[in-house]
Each structure stands twice: as C-alpha cells, then as structure tokens.
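Each chain, written out:
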Protein chains: 2
Amino acid sequence: MKLIIERKIVMSNIRRTWLPFLNVDVPEDLKTPADVAAFELEAGCAALGIDRPELKPDDALGEGYEISDHAITGGKTGILYGAYAFLTAKAAGEALPQGLRKPYYPLRMINCWDNADGSIERGYSGRSLWFEGGRLDWDPLRVRQLARMLGSAGLNVLCVNNVNVKGEAELLIEDYLPRLARLADEFRPFGVRLMVSIDFSRPMAHGVGTADPLDEGVQRWWAERAEAVYAAVPDLAGFLVKADSEHRPGPFTYGRTHAEGANMLARAVAPFGGVVVWRAFVYNCMQDWRDTSTDRPKAAYDTYAPLDGQFDDNVILQVKYGPFDFQVREPVSPTLYAMKRTHVAMEVQLAQEYTGHQIDIFAMNPLWRELTEQLPPEGLCAVAAVSNLGRDDNYTGHPFAAANLYGFGLYAWDPWVEPAEALRRWARLTYRLPADKEDALTELLLNSRGVYEQYTAPLGLCWMVRPHDHYGPSPSGYEYDLWGTYHRADRDAVGIDRTASGTGYAEQYPAEIRDRYSNLDTCPDNLKLFFHRLRYDYVMADGRTLIQRIYDDHFEGCAAAEAMGETLNALELPEPDNAEAAGRMEGQIKNAREWRDVVNTFFHRLSGVDDAKGRKIYD
Amino acid sequence: MKLIIERKIVMSNIRRTWLPFLNVDVPEDLKTPADVAAFELEAGCAALGIDRPELKPDDALGEGYEISDHAITGGKTGILYGAYAFLTAKAAGEALPQGLRKPYYPLRMINCWDNADGSIERGYSGRSLWFEGGRLDWDPLRVRQLARMLGSAGLNVLCVNNVNVKGEAELLIEDYLPRLARLADEFRPFGVRLMVSIDFSRPMAHGVGTADPLDEGVQRWWAERAEAVYAAVPDLAGFLVKADSEHRPGPFTYGRTHAEGANMLARAVAPFGGVVVWRAFVYNCMQDWRDTSTDRPKAAYDTYAPLDGQFDDNVILQVKYGPFDFQVREPVSPTLYAMKRTHVAMEVQLAQEYTGHQIDIFAMNPLWRELTEQLPPEGLCAVAAVSNLGRDDNYTGHPFAAANLYGFGLYAWDPWVEPAEALRRWARLTYRLPADKEDALTELLLNSRGVYEQYTAPLGLCWMVRPHDHYGPSPSGYEYDLWGTYHRADRDAVGIDRTASGTGYAEQYPAEIRDRYSNLDTCPDNLKLFFHRLRYDYVMADGRTLIQRIYDDHFEGCAAAEAMGETLNALELPEPDNAEAAGRMEGQIKNAREWRDVVNTFFHRLSGVDDAKGRKIYD
C-alpha cells in the first residue's frame, strides 16, 4: 500500500497538539480503524524516518494490541491503538510497550457540554466544534484532527451535547439524525463512537402527555426513537441522562425511582447494544441555608444506595468522583463504594470549572491517581470526563490543558499510570525539549494541582469560589445561597462537622474509611475542614494553629504560582504555545494573589489573629 | 367642538393606571396639546358627569396654567396640564388648585434604559415598549396611553434609549431617524419631547478615525448629525451622554476634560435649541479592594468640581442624588452643592434597581422630599428619573410602582410636595377606595421606604446586595470586588470612616453639612455607618449598642413587611391589581426574611454577640 503517494497530501496548518510529528492530515475517505492505522503508520514512519512494521489484524483482540519493531497485532480498534502506541513511543524515543495491552476501562468517555447555539457550558476553549446557531455543522479538517487526538489517546466514546439538553440539541434523536450520522462517520475510523444526551421529558413534546417511565406510551415512544436513532447511527454508544438534577425533568415527577427511569430507557436501546449512562448528580439545589440538617454530600448515596441491584445490565450509573462537584479536592464519593451490584462509571472533569478555567495550570493525573488508590478493589466499569475542548486553535484554550485530555486517555487505559510518566509523555510528544527543560515542565505540571490547591482551598474547604462562573475567590459567595455549599465560618471556627456527631456524612463510608476521616488525628490535613469544624486555634500535627496554617498555605501557594511563572519563562517553548501559556500565566498569578489576599483577609477579619510571620494581610 | 361625537369612540382594554376615568382612548389624529386638552376635557367631563370649562389658550403662559370651574387658561402645553389638573381634581373630589401654576423644574425627564434588542437594563416591567429585535416599533394604543400618563403627570422629556448605548440603538441618530420622528409624533401632542442617548465614540464608526472632541472632523461630524437629527425631529430635547463611565468611551481617551467633551456636543445641538445632558456618574470601576485610599463617593466631585464654570449654557450636568448609585439611603451628593456656575440636573431612579425590583413596595416621594430639604437653596435646573416602565399590562410591573411615576411628576412640579399628599392623590385617582382603606393604602406607601430600609440597610451601610442583579442580601457580595463598594466589616467593627480622619469624603461638603456628618453625635443614625466606622459595642443615642440596633432593625423591618402583607390583604383592591400586588407581596416577605436572617447571621458570626431579646439568629 502506498497510501500517501496515491493521494493528494494535505498538510494543513491546524494545530496538532501532542501529535506534531503526524503532520499529514488524515484523508476523509478512510473508513475503518485499520485504514487509519495503515495510513498513520506509513505517514508517521516516513516523518520519523523509521521502518514501518507490518500490520496484523486479529479481531479476537478487540481493543487490545501487541507491538514490536516488526509487527503490530491488534483487534478491530486495537490495531489502531497499536499503531499510535508504536508511533508515539518512537516519536518519544521510548521503548515499545511489551506484551498484550488492553484498556482497563471498556468505556472511556468524553462528555461534551456543547449547546446547540454553539456555546459550551463551562467551556474555556472557545465555541463548540460542531454546533452553531442551532445547526450541527463542523470543519471536517479540525474535527478529523480531534478524532485523531481521541484515537491516539485511546478514548472510545464522545457524547456530543450538553447533559443540560437545551434548545435544538434536544432534536439529536430526531431532525438531526442525518447530520448526527455524518458526524459519527467522522469519528468512527478512529474507534470513537458517539453518544447523545437526552431530555427525559422529551415525549411530552410529542403529544405523549407524560414522561412517566412506567407509562406504555412513553416506553413505546422511546423504543421507536431508539430504533430511528440506531438506524441512523448503528454503533451509537447510547444515551446520557441528567435527570431530576438542577431543575432537569426526571422520574421523580411521576413518583418513580431512578432505577425505573433508567431501565425504561435502557430497554429502549438494549436491542441495539446501547447503554444508558445515568448521572447520579442528584441533590437539593434549592436548600435553605438555615437548614443545617441537610448536607448536600449525602444526597447521591441516599438516592442511589437503596437502588443497588435494581438497574438493568445496560445501565451505567455515572458518579462524580467526589460527593460535591469537581472541587479541587474532595474525598471519594461514598456512592462509588455502595453500588456493588450496579455498573458504575466515575466522572471527572477536564473542563477546569473549579480548577482554573484553563487559565491556571492544573494537570489532573495526580488527582486521578489518588482516586485510584481509594477506589474499591472490585473496580468500576467505565470512566467519563467532561470535555475541555473547543474551537480555539489549540483545542483546549491553554496549550497545557491538552495534557489533561491525553493524560485522561492514559489513565483510562491504566488507572495506576504514574502521573509523572503520563505528563512527561505528553510534554515529550508535544515539545521535544532538552532534557532539563522537559524535567522542568514535567515537574511544573506534576506540582500544578498542589499549587492551585494551596492558594485556593488547601484544607478541604470547598466552595469559596465566585458564584456562577466559579473562577476566583468569594469566601461567602455561596454561603447564604440555595446550593447546599456552606462553610459557616464565624469568629471562632470554620467548617462542617460531617462525622457521626454532625451531619453523619462520614457514616456513608465503609467502616475503615469512615473511621479514618472521622478521627481528627487520622483525617488528612487536606480534608480536615471537609469533615470537621475546627477552631482557629486548633493545633495541627505540625504544631501550627489552623489559622496560621491557612495564612501559610495561601502565602506559600501564591509564591509557588509566582515561581511557576519563572519556570515557564525559562522553558522557551515554541510559539504560539509560549505566548499562549505566558499570557495565561499572568492571569494565574493575578488570580493566585487574589486568592491569597481575599482568603487571608476574610479569615483575619473573622479571627482577629495576626500572621505570626508578619506578612501583609489587608484590612 | 363635539370631538367625541364626530369620531369613532375607542374604549380599549389597555390599563389606564391612575386615569381609569379617562376610559376613552385618545385618537391618533390629535396633533397639539391644545387638541388633546379639548378632547380630554370633553370626554373626561362626560365620564365624570360634570360641566366642561372653557379652554382659553394664552401662549405667554408656556407650561403654566390657571383653572377654575368655568375656564382653563394655559400656555401651549400649560393648557393641557390645566385640563389634566382640572380633571384629576374633579375625579379625586378635591378643590381646584388656586392661582397660576407653573412647574418648578423646566426639564422633567424620564430616562429609559431600553436596549434595541427589546431588553431593558434594570427593567422590572417586561420588555421595551418601542424596541424589539433591533427594530424601533410599537403598539400605538399602548404608547399613546403612556404619553397620556406622562402628560397627565406633567413630565416633558423622554429619553428613549439606554445610556449604555448598545447594538442598533446607536443608530438613533442615523438610520432610525424616520422611525424616531414617528415616535416623537406620538408623544408631542402630550407635551413630551424625545431625547436620545448617544455613543461618544460614534464618529469612529464613520471613518472619522477619532472621537477627540477637539478634532475638527469630529466636531463637523457631530454638527452634521445634529442637523440631520433635528431635521427629522425638530423639537428633540437633545442628547444624553454617559461618557468615561463603566467602560463607556469618553473624552478621557484623548486627554480632554468632560467640559471639552460636553461642550463639543452642545455646540452641535445649540443651533437647534437642543441641550446636552451629561451624566456625572464617573468613578473607578476597576478599583482594587486592597486600596483604602480611593473612596468611590469622592469621584464625581473630584472630576467635576474643578470644571465648574467651564460648561456651555446648553450643557446640563446630570448628577445622581447620592454619591454612590441609587442606594436606599445616601447623603446628598456633594457635587450638587459644588456646581454653582453649571446647569445641574438631579437624577433619581424609578426603576427599583436597589430598592426591591418592583416586587417590594418602595414609594419614593418621601425620599425625594428629603432630598429637597437638603439641596442648595439656589436649586437646580432639571430633574431626571430612570424609567420604571415596560411592556407589562400595567406598565410598571407592580401596580403601586405607578405611584412613583405619577409622584415624580408631582415632585418635578413642586419639590416640596408633601409625600402623603402625592401618594394619596395617586391612590385616590387609581382606586377610589373607601376612606379607611385609602388611609391605609396611603400609610402603607408612605412607610414603605422606611420598612424596606429597615430590613435591608438601616444605618447607611450600602451595597450588601447580591452582585449583578441587586436584589436580595449578600453581605460580602461586593466586598472583594472592583466596584469601590466596601464595608470592611470585621469581628470588631464595620463601616468606612469618611471624615477628615478617614477618606476625607465629608470634606467635599459645605462646612455646615461636613460638620454635621463628621460629628458622631449629629450624624443621623440612618447615615452613621456611611460616614463612620463603628465598633459593635458603640452605644447609640438611645442606649442600644450598634450590634443590638442592627438586630433590632432587621427583626422589626421584617415584621413590618409582614404586617404590610396583612394591610394589603385587607385593602381588597380591584383586580387585577389585587392579585398582582398580593403575588409580589409574597416575594417581598420572603425577601425581607432573607435580609433579616442573612444580615443578622452575618453580624452574629462576626461579632459573637447574641441578640439581647433572644430572637432566633441562625448559626
């Protein structure tokens, strides 16, 4: 096969993120992962100046592959993953992985929160790549490059529309079907299947008169819709559903459980091999702040634990990693331990909603690896990440945010992947820096979460963010609001007692975990104020008072952010990444100083305690 | 003249607010105030079953009039004001005003903040009555009824577009001219002249290359535009300008003063008898909260006092009544005392941006009367009010908010009008209740500002409102923001020292006023925390501590709001007003409880001091 020579070679100037060496665009007429594998291998080996190994398809391997310098053996999509594994290892100058490689999570999903109007909820990288003005349309070159990125990262499901299904996007299972089918064609050759978010109340718009999951008319409507959708997109992964959550419609309206709601949809897609991914993000978002008995982190467990065992086999309950909502640090959601007879996906967020808006650097592999260490040993069946993608030239706003997309792929294949290894791999593929600079960049990324955490929320005290946009400090921004997110700081103490003597949240965990968090001595510092209410004069293990620790962390975290700026400067990255990263770093340092000063002032005003080290705290 | 009999009588079901007895629509072909006066008199006297007095035009009287049971003598618009004065006095069963009546303020202006897309900035009564989707269009019946309302209230200028000139509205001096001329035709017969807000940088959009007021090209461009505008609307009142304020363009860009900017525009409209109303709402809206030397209330005086005497004769400097921005209570702006050689308009706000969004009841005549008592004796030349009008059936959202529009007219004619008299007049015209209920409604309105103030900001402590929408409490919502609005509450004290020992704001006043505010003993309680920083254990004149006073006021203010609800119920107003007011009252009571609890909890957490009366303060 002389794939390249027989074609018109296209080397467009679209950004290639971690695949700069794959500088020839993938032609549009390739239909299967095997086609793409062959093309990528030929073009990639030519670009790298290396010999091309032989491709040996073996359908029995599915997503698995085995590679050597001479041959790539792999299943239907495994052959493509093998090709990318070969090429990236060669491009990085690393040894080839040994033996049979298979992904840990069968479903490795990206959830896009793209709205039909082209906006993206919590999107920090520009507008949608496929929606605009109520239309489903796209630049094929850019979307194919994105599909290549997803394929090379080993991801296999892309949900194209916001879980908060708004506007015309609700028509994805109706009028949009021909366009959806075309979009699926763009991703299919890269081993990526589409998924769509659906609106649970949709039958109401079609004269069914109810959306009750036990109503036969409703069941029939969904079955017919599923048939039509799968006729258009036979390999659709399934439906993603946000129900009874933040004002979305759901089964509660009809006095039905979420198992009844999810199973009804699951039975509609089951004949076509589809799944229903049902989000467990259910809580009272109209809480009265005066109510101290309701504790939002308890909500998902209270809702779902009693339903364990009641979900159909093709339902996947998608649970956010923490009991709140993608905070910088949360304990692992107790719901993840409770659903032993339910298929469960863990949801993480690449979109940096609470973690810096892709302005501040926040590499996530360290966070995810910590989750792995805490997850139940029997494991989960899937992992999903809210997308950080958009129409920006570099796809992710901050060029380093691409490390999270790539790193998520590595994590989905191997939850134990070393964060430093994942980040170095991305940095090496992307930039090919001299060794000392590669070390520095890897280190910067590896520490970025800790730095961000330190200047924002170092002790597990969440939600001191600006309401609505969730960037920057607002210590009391959510304190008297409806969202169930309170710290109740007063002149003496701060935090919520979530142990048995308080709201009882900790009781939702298995005993060993419950005890560790409930005991002040064993509860880790970085979750102390998540689980306990502490006086400012509480003495931490290292002898510092709580208030001094708050001051120290915010001063040190900010100083660390400033130091990151110097490190970044010294990297001399290639343009335009250098300018993009430098511009955002100015924003990050400003943000870090704001967090430092606002939080310190807030607690100084409350406590009246001066900084023991005499640093500047504003009045 | 048998005006009615010769015409098709139209009695549409549009809402007639305080003119229910004028139940025949004004025909569209009446051209002058004299025409309207004749029509209204005939139809009104017929409806009231009274004899019709003779109309005696006397152009020398201008806007003045003199009325008796037999004759109405008046100038060009005075004849119409006389007719309305006659009819409303008769409808209210009151004695006719004696002697020659003339308005105190020559310019009595309504500023609409309507955007071309149909939205209204700070609008709480529905969408714009004349803009929608970038078009200037309207329901003639509804707009003519509005013009009648304005005429009957004695108001004579209507600025039709937002001072923040956005979107197509910037074309009001260009493509829109034919439509603008038509709109002027609707209002002219009622003695109301239009005004338009303009965008200071507009010449830039026409290739002039600069908006520098000293540039001859710029001057020529504005002169030409003025000529075109006045050709279309010969009686246009002039231009309204928000410059160098909250990110609006202005003369500062070119190193020019606001006198230079305003005079340039004034010279463009002078040949046509127009004025330039130049808003003095200039301050640093990008302040760093850490900066304690900058004090926003000082900004307008600092900007404009040095320019006194430099403005052309047809420039009117429009100054908000307080130095901040339409808070529940502010001291009178020192800029109003400082501009002795400048034409000055005072700006108030009918739109209840900070005063309850036309959900909570807030009758404004008491506030305005207090202003009168404090204004410099030499007076001002004009008064302007930000509109509370919109497309809602009743024009003002809350039916009682119409009292503010009508009351503003009475105030503009006589700044010393007794608030109780103004409010009773509106209530009597609108509802014709039995005497005890009319008393109760008048009393409810008269006290409404005091009640709202008591449960929101009883001691002159402003800005504890929810950011952006400005409804509901958020004690620290603006505390670390860019807007220069801080209270700096800590565990010991609250408020800003604005005396000579603090920011020096009080020094901007004439000595007598400065001394009164600066001295804690003479500074009124309701401004104590505006001018002073006080400890929670500060003892007020009545022996209560500051913290106890805060608690008492918020408890009592909320109880008073609850009592208002009962009073309102007992009024048994006609529908739909009764249902509209009752629905909003539920919202007001909820809001009052929120203010009570949030503010009390906020200060309890800070101070640690319990309520002396043992009432419930939440943790």
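Rules behind the numbers
Residues numbered from 1 in each chain as written. Chains lettered and ligands numbered in written order. Predicted model: local features only at pLDDT ≥ 70, side-chain atom pairs only at ≥ 80, totals over all residues. Heavy atoms only, no water. 1 Å grid on protein atoms, 1.4 Å probe; cavity = no way out; pocket = protein on both sides within 12 Å on 5 of 7 lines; lining within 4 Å. Points joined across faces, edges and corners; volume = space filled by probe spheres on them. Helix = DSSP H or I, 4+ residues; strand = E, 2+ residues; numbered from the N terminus. Nonpolar A, V, L, I, M, F, W, Y, C, P; charged D, E, K, R; others polar. Least-squares fit on C-alpha atoms with pLDDT ≥ 70 in both. Contact = heavy atoms within 4.5 Å. pLDDT = per-residue confidence, 0-100. Disulfide = S-S within 2.5 Å. Expected span 1.5 Å × (residues − 1). Axes fitted to C-alpha atoms, helices over the stretch in contact; angles between N-to-C directions. Parallel < 35°, antiparallel > 145°, perpendicular 65-115°, else oblique. Left-handed = near helix turned anticlockwise from the far one by under 90°. Pairing = 2+ DSSP bridges. Buried < 20%, exposed > 50% of the residue type's maximum accessible area, 1.4 Å probe, protein only. Right-handed = clockwise from strand over helix to strand, strands pointing away.

### Remarks on empty space enclosed by the protein
With a probe scaled to a water molecule rolled over the atoms, the places where space remains empty come into view. Counted according to the given criterion, the structure contains 17 cavities of 30 Å³ or more. As for the largest cavity, its lining consists of 16 residues, of which F602 and L606 of chain A together with S476, F602 and L606 of chain B are closest to the centre. Only α16 (577–607) of chain A together with α16 (577–607) of chain B provide two or more residues apiece to the lining of the largest cavity. Looking at the lining of the largest cavity, its residues break down into eight nonpolar, four polar and four charged.

### Section: the relation of the copies chain A and chain B
Between chain A and chain B, which share one sequence, the superposing operator has a rotation angle of 180° and an axial displacement of 0.1 Å; the RMSD is 0.1 Å. The relationship between the two copies is best expressed as a two-fold rotation axis. Comparing interface residues between copies, 100% of those in chain A also sit at the interface in chain B, which points to an isologous, same-surface contact.

### Here we look at the confidence of the model for chain A
The predicted model of chain A has a mean per-residue pLDDT of 96, with 99% of residues at 70 or higher. Interface scoring of the predicted complex returns ipTM 0.93; its pTM is 0.95.

### Examining the state of the cysteines
The full count for this structure, using the stated rule, is zero disulfides over all chains. Of all cysteine sulfurs, the one in C112 of chain A lies closest to C159 of chain A, which takes part in no disulfide; the gap is 7.3 Å. Unpaired in this structure, C381 of chain B has its nearest cysteine sulfur neighbour in C159 of chain B, at a distance of 16 Å.

### Thoughts on α16 of chain B
An α-helix turns once every 3.6 residues. As a result, residues three or four positions apart point the same way. Given a rise of 1.5 Å per residue, 31 residues ought to cover 45 Å, and the 44 Å separating the end C-alpha atoms of α16 of chain B matches this to within 8%. G608 of chain B lies just past α16 of chain B and shows a positive phi near 75°.

### Remarks on the packing of helix α10 (residues 402–413) of chain A against helix α11 (residues 419–431) of chain A
All names here are of chain A. Relative to each other, α10 and α11 sit at 125°, their axes nearing to 9 Å. As the angle between them shows, α10 and α11 are arranged oblique. As for the relative orientation of α10 and α11, their crossing is right-handed in sense. Contact residues: A402, A403, Y406 and L410 in α10; A422, L423, R425, W426 and L429 in α11. Of the residues that constitute the contact of α10 with α11, the class distribution is eight nonpolar, no polar and one charged.

### Quick word on the sheet that holds strand β7 (residues 157–159) of chain B
Residues and elements named next belong to chain B. Judged by pairing direction, the barrel is parallel, and its eight strands sit side by side in the order β4-β7-β8-β9-β10-β11-β12-β13 before closing back on the first. The average undirected angle you get between the axes of adjacent strands in this sheet is 25°. Pairing of strand β4 (residues 107–111) with β7 involves three bridges; the strand directions are parallel. Bridge pairing in β7 links I110 to L158. Packing against the sheet, helix α6 (residues 258–269) makes contact with β8 (193–198), β9 (238–241), β10 (275–279) and β11 (315–320), and its axis sits at approximately 155° to β10.

### Notes on the pairing of strand β11 (residues 315–320) of chain A
Residues and elements named next belong to chain A. For β11, the buried fraction is high: six of the six residues fall into the buried class. Burial of β11 is two-sided: the residues V315, L317 and V319 facing one way and the residues I316, Q318 and K320 facing the other way are all buried. Bridging between strand β10 (residues 275–279) and β11 involves four bridges; their strand directions are parallel. Paired with R279 across the bridge in β11 is Q318. Handedness of the crossover joining β10 and β11 through helix α7 (residues 299–304): right-handed. Where β11 lies against strand β12 (residues 344–349), four bridges are found, and the strand directions are parallel. Bridge assignment links L317 to a residue of β12, and that residue is V344.

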